[in-house]
Amino acid sequence: MYVQNTNPIAIRTQQMISQALIRLMQRTSYQQITVTDLCREADIGRKTFYRHFQWMEDVIDFQLDQLYAEYEEDLHTLSLEQYLPHHFAFLERHIDYLKLLYQNELLDHLSAKFNCLLPQVMPQWSPDPMKQEYLSAYISAGVNAMIHTWVARDFAESVDEIVAMAVQSQGVSSPLP
């Protein structure tokens, strides 16, 4: 778990560390990157790193939280029909980052973040908690699998093609009552 700061200087430091990790991952496998390497790249001391993050994976979580912050703003206004196009278009805007996660076998972190966000929109799609739980599990598994395949295929299909396949495979044409 990383420290969620409100102090602008601390946030800037976390962003510096985050950007340093991205630069390193572009040159080196994530599994080969050490905290020392990251601190050297970010031009900070190890104490500074540990003041903000407990583990290297926390930096990935921080990046995804930053990424999904813009996404969450629109999340509560979308219908089920609007959700899939919005989600895949959002991901398309971040292709380079998704490729980096995929190359470093970290795409599951994206899936975990998506799984945390999806239940937030369930009440607007169905008032029934039991249906919300099943719908969330169903959509999450399908969409995450499609994201993994889409990234593995190097984004060969357009957002419209992906959404059409997702809708067709789920038989989704309107929100559940």
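For the structure itself, consult the block above.
Numbering of residues starts from 1 in each chain and follows the order in which that chain's sequence is written. Where totals are concerned, whole chains, interfaces and linings use all residues; where local detail is concerned, this predicted model gives features only for residues with pLDDT of at least 70, and gives and counts side-chain atom pairs only at 80 or more. Computation of side-chain values: all heavy atoms of the structure, hydrogens and water removed.

A. Main features of the packing of aromatic side chains. Two rings from Phe, Tyr or Trp (for Trp, the six-membered ring) form a pair when their centres sit within 6.5 Å of each other. Planes less than 30 degrees apart are called stacked, planes more than 60 degrees apart edge-to-face, and all others tilted. The final tally for this structure, using the stated rule, is nine aromatic pairs. An angle of 90 degrees between the planes, with centres 5.0 Å apart, marks the rings of Phe49 and Tyr50 as edge-to-face. Taking 5.6 Å as the distance between ring centres and 75 degrees as the angle between the ring planes, the aromatic pair formed by Phe88 and Trp150 counts as edge-to-face. Linking Phe88 in helix H5 (residues 80-92) with Trp150 in helix H8 (residues 129-152), this pair joins segments that are 62 residues apart in sequence. Grouping residues by exposure puts Phe88 and Trp150 together as buried. An aromatic cluster of three or more residues is present, and its members are Tyr2, Phe49, Tyr50, Phe53 and Phe62. Strands here mean DSSP runs of E at least two residues long; helices mean DSSP runs of H or I at least four residues long; both are numbered from the N terminus. Think of it in three bands: residues with accessible area under 20% of the maximum for their type are buried, residues over 50% are exposed, and the middle band is partly exposed, with areas taken using a 1.4 Å probe on protein chains only.

B. Examining the pattern of salt bridges more closely. The term salt bridge refers to a side-chain nitrogen of Lys or Arg lying within 4 Å of a carboxyl oxygen of Asp or Glu. The full count for this structure, using the stated rule, is six salt bridges. Close ionic contact of Arg27 with Glu41 constitutes a salt bridge, the shortest N to O distance being 2.8 Å. Of the two residues, Arg27 sits in helix H1 (residues 8-27) while Glu41 sits in helix H2 (residues 35-42), which places them 14 residues apart along the sequence. On the accessibility criterion, Arg27 (54% relative accessible area) is exposed. The structure contains a network of salt bridges with shared partners spanning Arg23, Arg27 and Glu41.

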